[in-house]
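Reading the structure
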Amino acid sequence: MPIAKAEIRTLIPHAGLMCLLDSVLEWDDESIVCTSETHRDPANPLRRDGRLSALHAFEYGAQAAAVHGGLRTRSAGVAAPPYYLAALRDAHLQVMRLDDIDSPIEVRGQRLFGDGGNAIYECHVSVGDALLADGRITLMLRT
Amino acid sequence: MSFEISRAIRADHPSLAGHFPGTPIVPGVVILDEVAEWRKDCQLIGICAVKFVLPLKPEQPFTICLTAKGAKTEVDFCCRVEGRMVVEGRLEIRCDKI
């Protein structure tokens, strides 16, 4: 049963249009798969001069990782702490922009390291079989 | 080659209302978008590494310092607020004409 946007909003502090993911398709303790169509939304708050640069794929990835952290802590019976994007490594962009992609994008996060506090996720943003961007994202607790 | 530019993200940037309500912090990707704007004829193809050291607040003036590496496909950058490092990293770019 997918997790819808209203529930995603309870898992991360991102509000309004900055809550970029539409739903969580599946997740387990190690990984999460999300989907979104907000990359096509003319009101996407990360657009600049009408275009959504592909580098914003990493904000989608970071939000997927943060949602995963929220789901894991909730299943452990504690409140989700606020995370922030602390680092990005070995990141690659296969396209220049996301707003011209007609289909929903898929955002995958694989937890490589971390428990509770800091965490590192391998993130992949793709459409169909085509990879759009990938990279390693470090999330840290906001203090 | 190295140069420096000054920037600030305005308080009415559309990302800030939801990032986060009551405590606006400039999203890291918005800072990277400013850095990547430096040359329109170059395409950002990768981010070797970037560290977000300190939060950047709306309207806070910051400088972007860019240093192209020898091969001209890698660019080191850092962003500072009043001399304090807020973001540093290395981008990978591809330029059609250099």
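Throughout this document, residue positions are counted from 1 along each chain, in the order its sequence is written. To label them, take the chains in the order written and letter them from A, then take the ligands in the order written and number them from 1. Confidence filtering applies because this is a predicted model: local features only for residues at pLDDT of at least 70, side-chain atom pairs given and counted only at 80 or more, and all residues used for totals across whole chains, interfaces and linings.

1. Considering the overall build of chain A
Check the secondary structure of chain A and you find 2 helices and 7 strands. From first element to last, N terminus to C terminus, chain A shows the α and β order β-α-β-β-α-β-β-β-β. The C-alpha radius of gyration computed for chain A amounts to 14 Å, which stays within 12% of the reference 15 Å derived for 143 residues, consistent with globular compactness. Its C-alpha atoms put chain A at 40 × 30 × 30 Å along the principal axes. Looking at chain A as a whole, 43% of its 143 residues are labelled buried. It is the C-beta atoms, placed from the backbone, that decide contacts: two residues are in contact if theirs lie within 7 Å. For chain A, contacts bridging at least 24 residues in sequence account for 64% of all contacts bridging at least 6. Each helix is a run of H or I in the DSSP string that is no shorter than four residues. Each strand is a run of E no shorter than two, and both are numbered from the N terminus. This radius of gyration counts C-alpha atoms alone. The globule rule is 2.2 Å times how many residues there are, raised to the power 0.38. Buried, partly exposed and exposed are defined by the number of other C-beta atoms within 10 Å of a residue's own C-beta, namely 20 or more, between the two limits, and 12 or fewer respectively, with C-beta atoms placed from the backbone.

2. Concerning the interface of chain B and chain A
Contacts between chain B and chain A engage 23 residues on the former and 25 residues on the latter. Among the secondary structure elements, those contributing two or more residues to the side of chain B that touches chain A are α1 (28-36) and β2 (42-52) of chain B. The element best represented in the side of chain B that touches chain A is β2(B), accounting for 9 residues. DSSP calls a pair of strands paired once it identifies at least 2 bridges connecting them. In terms of strand pairing, strand β4 (residues 83-93) of chain A meets β2(B) through 5 bridges, oriented antiparallel. Across the sheet, R89(A) pairs through a bridge with A49(B), a residue of β2(B).

3. Remarks on the sheet that holds strand β4 (residues 74-81) of chain B
In a beta sheet, neighbouring strands are held together by backbone hydrogen bonds and run either parallel or antiparallel to one another. Strand order in the open sheet made by the 12 strands is β1(A)-β2(A)-β3(A)-β5(A)-β6(A)-β7(A)-β4(A)-β2(B)-β5(B)-β4(B)-β3(B)-β1(B), with antiparallel pairing throughout. The open sheet terminates on both sides in strands that have one partner only, identified here as β1 (3-4) of chain A together with β1 (2-7) of chain B. Here strand β3 (residues 62-68) of chain B runs beside β4(B); their pairing, made up of 6 bridges, is antiparallel. Bridge pairing links T67(B) to D76(B) in β4(B). Lying on the sheet, helix α2 (residues 57-75) of chain A is in contact with β2 (23-27), β3 (31-36), β4, β5 (105-114), β6 (119-127) and β7 (130-141) of chain A; it crosses β7(A) at an angle near 50 degrees. Most of the contacts of α1(B) go to β2(B), to which it runs at about 135 degrees, and overall it touches β4 of chain A together with β1, β2, β3, β4 and β5 (84-95) of chain B. Here an axis means a line fitted to C-alpha atoms, over the contact stretch when the element is a helix, while the angle between two N-to-C directions is reported on a 0 to 180 degree scale.

4. Structural notes on the environment of W27(A)
All names here are of chain A. Inspection of the secondary structure assignment puts W27 in strand β2. Among the residues examined, W27 registers 18 C-beta atoms within 10 Å and is labelled partly exposed. Sequence spacing of W27 and A65 is 38 residues, and the spatial spacing of their C-alpha atoms is 11 Å. If sequence neighbours within four positions are ignored, W27 has contacts with I32, V33, H68 and L71.

5. Topic: α2(A)
All names here are of chain A. Each residue after the first adds 1.5 Å to the expected span of a helix. With 19 residues, α2 extends 27 Å from end C-alpha to end C-alpha; this agrees with the ideal 27 Å at 1.5 Å per step. With respect to burial, α2 is a largely interior element, 16 of its 19 residues being buried. Positioned one or two residues after α2, G77 has a phi angle of 85 degrees, which is positive.

6. Observations regarding the confidence of the model for chain B
Residue and element names in this part refer to chain B. Confidence per residue, as judged by the predictor, is encoded in pLDDT with a range of 0 to 100. The predicted model of chain B averages 91 in pLDDT, with 95% of residues at 70 or higher. Mean pLDDT across the elements of chain B ranges from a minimum in β1, with 90, to a maximum in β4, with 96. Model confidence for the complex: the whole-complex pTM is 0.96, and ipTM, which rates the interface, is 0.94.

7. Examining the pairing of β3(B)
Both β1(B) and β3(B) contribute to a ladder of 6 bridges, which runs antiparallel. Bridge pairing in β3(B) links I5(B) to I64(B).

8. What about the environment of P27(B)?
By the element assignment, P27(B) lies in the loop between β1 and α1. The sequence separation of P27(B) and R10(B) amounts to 17 residues, and the corresponding C-alpha distance is 12 Å. Excluding residues within four positions of it along the chain, P27(B) makes contact with E59(A), S15(B) and H19(B).

9. Observations regarding α1(B)
Three- or four-residue spacings in an α-helix give side chains the same orientation, since the helix completes a turn every 3.6 residues. Where burial is concerned, most of α1(B) is hidden: 7 out of the 9 residues are buried. Those residues of α1(B) that sit buried are G28(B), V29(B), V30(B), I31(B), L32(B), V35(B) and A36(B). Among the structural elements, α2 and β4 of chain A together with β2, β3, β4 and β5 of chain B are those in contact with the buried residues of α1(B).

10. Digging into the pairing of β5(A)
Looking down a regular strand, the side chains alternate between one sheet face and the other. Residues and elements named next belong to chain A. Pairing between β3 and β5: 6 bridges, direction antiparallel. If you follow I32 over to β5, its bridge partner there is G109. Across 8 bridges, the pairing between β5 and β6 is antiparallel. Note that in β6 the partner of R108 across the bridge is H124.

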